Amino acid sequence: VYRPRRVVLNTMTIAVIAAGFALPRFPGPGEPRPAWFLPYLLAIVVQWTTTSVIAAVWFWRAGSGRPTAQRNRMRLLAVGTAALNLLILVSALRPESDPEHKNVALQLANLLTASVFFVGLAPPRQLIERWRRPEMEAARGAVAELITAVTPSDVATKTLPHMLTIIGGQSAALYAKDGTLLGFCGDVPPSGSDKDPPTAHDPLRFGLRSGGELVVRSDSSSPLFAHDSVEVLAGYVNLIDLAIARCESAAKERQFISNAAHELRTPLTTMTGLAETLAENREHMAPDQVTECLSGVVRQGRRARDLVNNLLDMAYIESGHLPFADDVLVLSDVVYGSLDAAPAPDGCHVCVDVPPDVRVRGDARRIQQVVVNLITNAYRYGGEEISIGARPEADDVVLTVTDDGAGVAPELVPTLFDPFSRAASANGSGSGLGLAICRRIVDELGGSITYEASGTGSRFKVALRKAA
Amino acid sequence: MKVLVVDDEPDILMTLRVVLQVAGHEVIEAEDGMTALERAREHPDAMILDIRLPDIDGLEVLRRMSADDELNKIPVLCLSAHSSPRTKDEAISLGAREYMNKPFVAADLRAAIVRIAAPQD
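My aim in this report is to walk through the structure given alongside it, one point at a time.

Reading the values: the criteria
- Residues numbered from 1 in each chain as written.
- Chains lettered and ligands numbered in written order.
- Predicted model: local features only at pLDDT ≥ 70, side-chain atom pairs only at ≥ 80, totals over all residues.
- Heavy atoms only, no water.
- Helix = DSSP H or I, 4+ residues; strand = E, 2+ residues; numbered from the N terminus.
- Buried < 20%, exposed > 50% of the residue type's maximum accessible area, 1.4 Å probe, protein only.
- Contact = heavy atoms within 4.5 Å.
- Areas by Shrake-Rupley, 256 points an atom, 1.4 Å probe, with all protein chains shown as cover.
- Pairing = 2+ DSSP bridges.
- Core = buried A, V, L, I, M, F, W, Y, C linked by side-chain atoms within 4.5 Å.
- Buried area = accessible area lost by both parts, 1.4 Å probe.
- Salt bridge = Lys/Arg side-chain N within 4 Å of Asp/Glu carboxyl O.

### Looking at the overall build of chain A
Here is step 1 of the chain: Scanning chain A from N- to C-terminus turns up 12 helices and 11 strands.
Here is step 2 of the chain: Out of the 468 residues belonging to chain A, those deemed buried represent 39%.
Here is step 3 of the chain: Counting contacts in chain A only where the partners sit at least 6 residues apart, residues at least 24 apart contribute 65% of the total.
Here is step 4 of the chain: In the structure as shown, chain A presents an accessible area of about 25,300 Å², 59% of it carried by carbon and sulfur atoms.

### Section: the pairing of strand β7 (residues 359-362) of chain A
Residues and elements named next belong to chain A.
Here is step 1 of the chain: Here β7 shows a buried face lined by V360 and G362 and an unburied face lined by R359 and R361.
Here is step 2 of the chain: Alignment of strand β5 (residues 327-330) against β7, held across four bridges, turns out to be antiparallel. Paired with D327 across the strands is G362, a residue of β7.

### Examining the nonpolar core
Residues and elements named next belong to chain A.
Here is step 1 of the chain: Counting residues in each nonpolar core, the largest one holds 46 residues, and the members touching the most others are L331 and I388.
Here is step 2 of the chain: Looking at which element gives the most residues to this core, the answer is helix α11 (residues 364-381), with seven residues.
Here is step 3 of the chain: In this structure I388 touches V335, L339, V350, C351, V352, D353, V354, I375, L399, T400 and V401, once residues within four positions along its chain are discounted.
Here is step 4 of the chain: Membership of the second largest hydrophobic core comes to 27 residues, among which are A176, L208, V216 and L233.

### Some points on the interface of chain B and chain A
Here is step 1 of the chain: Counting residues at the interface gives 25 residues for chain B and 26 residues for chain A.
Here is step 2 of the chain: Between chain B and chain A lies a buried interface of about 2,200 Å² when both sides are counted; carbon and sulfur atoms form 52% of it.
Here is step 3 of the chain: Our count for the contact surface shared by chain B and chain A stands at four salt bridges.
Here is step 4 of the chain: Where E280(A) meets R110(B), a salt bridge forms, and the shortest distance between an N and an O atom there is 3.0 Å.
Here is step 5 of the chain: For the side of chain B that touches chain A, the elements supplying multiple residues, two or more each, are α1 (10-21) and α5 (106-117) of chain B.
Here is step 6 of the chain: Take the side of chain B that touches chain A: its biggest share by element is nine residues, from α1(B).

### Looking at the pairing of strand β8 (residues 385-393) of chain A
Residue and element names in this part refer to chain A.
Here is step 1 of the chain: In this sheet, β8 lies alongside strand β6 (residues 349-353) in parallel orientation, the contact comprising five bridges. In the strand pairing of β8, V350 is matched with I386.
Here is step 2 of the chain: In this sheet, strand β9 (residues 396-403) lies alongside β8 in antiparallel orientation, the contact comprising eight bridges. Counterpart to A390 in the pairing with β9 is L399.
Here is step 3 of the chain: Here β8 folds back onto β9, and the loop between the two strands holds two residues, one of which, A394, carries a positive phi near 55 degrees.

### Details of the pattern of salt bridges
Here is step 1 of the chain: Applying the stated criterion to the full structure yields 25 salt bridges over all chains.
Here is step 2 of the chain: The salt bridge involving E137(A) is made with R140(A); its shortest N-O contact spans 2.7 Å. Pair noted here: E137(A) and R140(A) are both in helix α6 (residues 133-148), with a separation of three residues, about one helical turn.
Here is step 3 of the chain: Its salt-bridge partner being E29(B), residue R17(B) comes within 2.7 Å of it at the nearest N-O pair. With R17(B) in helix α1 and E29(B) in strand β2 (residues 26-30), this residue pair connects regions lying 12 residues apart in the sequence.
Here is step 4 of the chain: It is possible to trace a salt-bridge network through shared partners that takes in E60(B), R63(B), R64(B) and E90(B).

The following block contains the structure:
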């Protein structure tokens with residue numbers, strides 16, 4: 001109700017109440033009515049009628065643009081309020097009634113008005129469900145749209161309009177975990193990074209498990225009975241969470257495929273470039289140039305083979321189809337087996353300090369794969385001195401591989417065990433999958449793998465289950 | 001023809017060198033962006049430039065070359081594993097004459113070098 005009207009209405013109400021206290025006495029039934037009584041009665045009728053009309057209009061307007069159930073309930077209250085006022089007017093203006101012969105039409109109207117109020121305030125469940133059908137249709141449409149969403153922004157674009165239909169809000173915005181606006185729908189544009197511009201009413205906020213947030217705003221006449229829609233919306237937010245998680249997972253897969261293709265391009269470029277050149281020009285090339293080309297083809301062929309093997313290993317491990325034995329192993333045997341498989345290149349010295357009585361549980365082939373990966377990395381990125389040690393710690397045995405190289409750049413450490421996390425600047429011949437595979441193998445074996453800086457070099461610590 | 005080849009992968013550099021030498025071209029090499037800018041002052045007739053480089057990337061090399069009167073006439077062929085249209089468009093807008101994806105066909109690469117080094121209309 002606008003302020004000037006509210007002032008007039010309040011003044012009228014106070015005047016009527018004050019007049020009621022100021023009256024000497026009310027005339028009883030059958031008594032003659034004094035001259036002051038009629039103006040007083042008129043003032044009550046005018047004040048009550050004005051209040052009722054304003055309330056009815058407010059209820060009606062507040063229902064506009066709301067979900068069907070909410071709108072119908074508000075409009076029933078508007079009709080009930082108007083009907084009640086009409087009944088009072090009719091009762092006040094009709095001739096003296098005969099208590100012995102009540103007006104049946106008036107009684108029926110009273111009953112009807114009470115029913116309208118009752119249904120508006122507490123509608124039967126069946127009626128609510130019937131009223132909700134359009135919003136349920138919208139929700140079903142939104143779910144169908146979610147299935148086709150490819151990115152989190154797509155999720156927002158496809159679903160937020162349905163959100164507004166469900167809640168009858170003014171605007172809806174979906175934010176990512178870092179506060180980035182993924183999508184927006186409605187009348188009030190978001191104000192930059194300000195997620196909560198000042199409004200007459202606090203927006204509804206739904207936290208997503210992924211860390212983001214759905215914010216729905218209503219206008220200043222945010223009506224009663226919104227809790228039904230809020231419940232529907234809260235359930236729907238869980239589906240948004242699932243859709244965003246699916247999109248992020250699909251994006252990771254796409255990135256993985258893209259990275260794998262990128263890694264394969266270097267060996268393919270070299271092999272095809274050199275092979276084509278040899279095929280077309282071999283007779284014109286010097287012998288040492290031919291040898292150089294063949295060496296390049298072999299080197300990059302091995303690199304491509306290792307990458308493909310690593311990709312297959314990743315796929316097997318992720319699918320859960322790679323079997324893992326659970327044997328009792330002498331760790332030093334596994335370490336020396338790894339050094340046989342990946343001997344130190346010229347210029348590198350490996351010092352092994354693994355007591356022969358240290359035993360672990362696990363799969364010898366897979367643990368050897370982890371150790372080979374770690375020492376190969378040390379050969380590639382470390383310095384001249386590499387040490388391998390092991391010591392029992394509580395229920396584990398901690399195997400360490402330490403080098404005196406340049407170490408891992410601090411910005412790379414958080415994603416060191418993710419696939420293809422190698423620095424963009426690194427031109428090593430690794431596949432970018434070695435440490436990711438190590439982590440997955442160690443996880444499957446019930447252990448853990450961590451990295452720590454060691455002076456100027458790197459230290460990888462692998463915790464394996466100690467055998468009894 | 002003297003060609004400057006820029007790539008951080010030693011085997012790619014070797015491949016480019018062999019592919020160009022058998023066609024009679026002289027090859028000079030650089031493994032990063034800053035070295036590429038220095039060697040570009042040796043007046044190569046053409047340049048093959050990788051996009052992903054360890055110090056400044058190929059796009060930045062192009063940007064600096066286009067702002068340098070001595071270097072902005074060198075015809076550049078971008079050769080990259082970055083096959084996104086956006087990267088290609090950016091490279092072309094920064095002055096690259098052509099853009100080729102890895103892995104390339106050796107004969108196509110030789111033809112492209114001759115094409116970009118030819119006098120422009």
